[in-house]
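Inside the fold
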Amino acid sequence: MATMQHDGFADSAARKTLSIAGTEWPLFKLEALAAGLLVLMLVFLVTQAPPVAVLSATAASVVVWIVGSYRHASRTE
C-alpha cells in the first residue's frame, strides 16, 4: 500500500506545476493569466473602455505574478 508523506513547503512547492506542451509551468503563472483575463472581462463589461480594461487586467496580472513568484521562491529555499 502506497502512502504519501508531506515533507513541508519544498515538497508541496515542487508539485505546484502544470505540464503544458512538455514544459513545467509554476501554478502562480497560470493564476496570474486567469486573474488578468477575469479582470479584463469584468472591467470591460462595466466601463466599456478597452484602455481601462487592458491596464486594469495588466495591473492585476502583475500583482498576482509578483506575489506568487515571491511565495514560490520562499517555499523552495
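Residues numbered from 1 in each chain as written. Predicted model: local features only at pLDDT ≥ 70, side-chain atom pairs only at ≥ 80, totals over all residues. Heavy atoms only, no water.

Following the criterion strictly, the structure yields one aromatic pair and no others. Relative to Trp65, the ring of Phe28 has its centre 6.1 Å away and its plane inclined at 90°; by these criteria the two rings are edge-to-face. Placement of the pair is Phe28 in helix H2 (residues 27–47) and Trp65 in helix H3 (residues 50–76), with a sequence separation of 37 residues. Here Trp65 falls in the partly exposed class, since its relative accessible area comes to 35%. (Phe/Tyr/Trp six-rings, centres within 6.5 Å; stacked < 30°, edge-to-face > 60°. Helix = DSSP H or I, 4+ residues; strand = E, 2+ residues; numbered from the N terminus. Buried < 20%, exposed > 50% of the residue type's maximum accessible area, 1.4 Å probe, protein only.)

Below, the discussion takes up the layout of surface pockets. When its volume is computed, the largest pocket comes out at roughly 230 Å³. Ranked by residues supplied to the lining of the largest pocket, first place goes to H3 with six residues. Here the residues of the lining of the largest pocket sort into six nonpolar, two polar and four charged. (1 Å grid on protein atoms, 1.4 Å probe; cavity = no way out; pocket = protein on both sides within 12 Å on 5 of 7 lines; lining within 4 Å. Points joined across faces, edges and corners; volume = space filled by probe spheres on them. Nonpolar A, V, L, I, M, F, W, Y, C, P; charged D, E, K, R; others polar.)

Before going further, it helps to spend a moment on H2. The end-to-end C-alpha separation of H2 is 30 Å, in line with the 30 Å expected for 21 residues at 1.5 Å each. Regarding H2, the residues found buried are Phe28, Ala32, Gly36 and Val43. Looking down the long axis of H2, one finds its buried residues gathered within 85° of arc, a one-sided arrangement. Positioned one or two residues after H2, Gln48 has a phi angle of 60°, which is positive. (Expected span 1.5 Å × (residues − 1). Arc of directions from axis to C-beta.)

If you check UniProt for "transmembrane region" (unreviewed entry), the listed places come out as residues 25–46 and 52–70 in our numbering. Taken end to end, residues 25–46 is 91% helix and 9% strand, and its two terminal C-alpha atoms sit 32 Å from one another. End-to-end, the C-alpha atoms of residues 52–70 are 27 Å apart, and along that stretch the chain is 100% helix and 0% strand. (UniProt positions renumbered as here; feature names shortened; annotations may be inferred.)

Next up on the list: the environment of Ser69. By the secondary structure assignment, Ser69 is in helix H3. What makes Ser69 partly exposed here is its relative accessible area of 31%. As for Ser69 and Pro26, which are separated by 43 residues in sequence, their C-alpha atoms are 8.8 Å apart.

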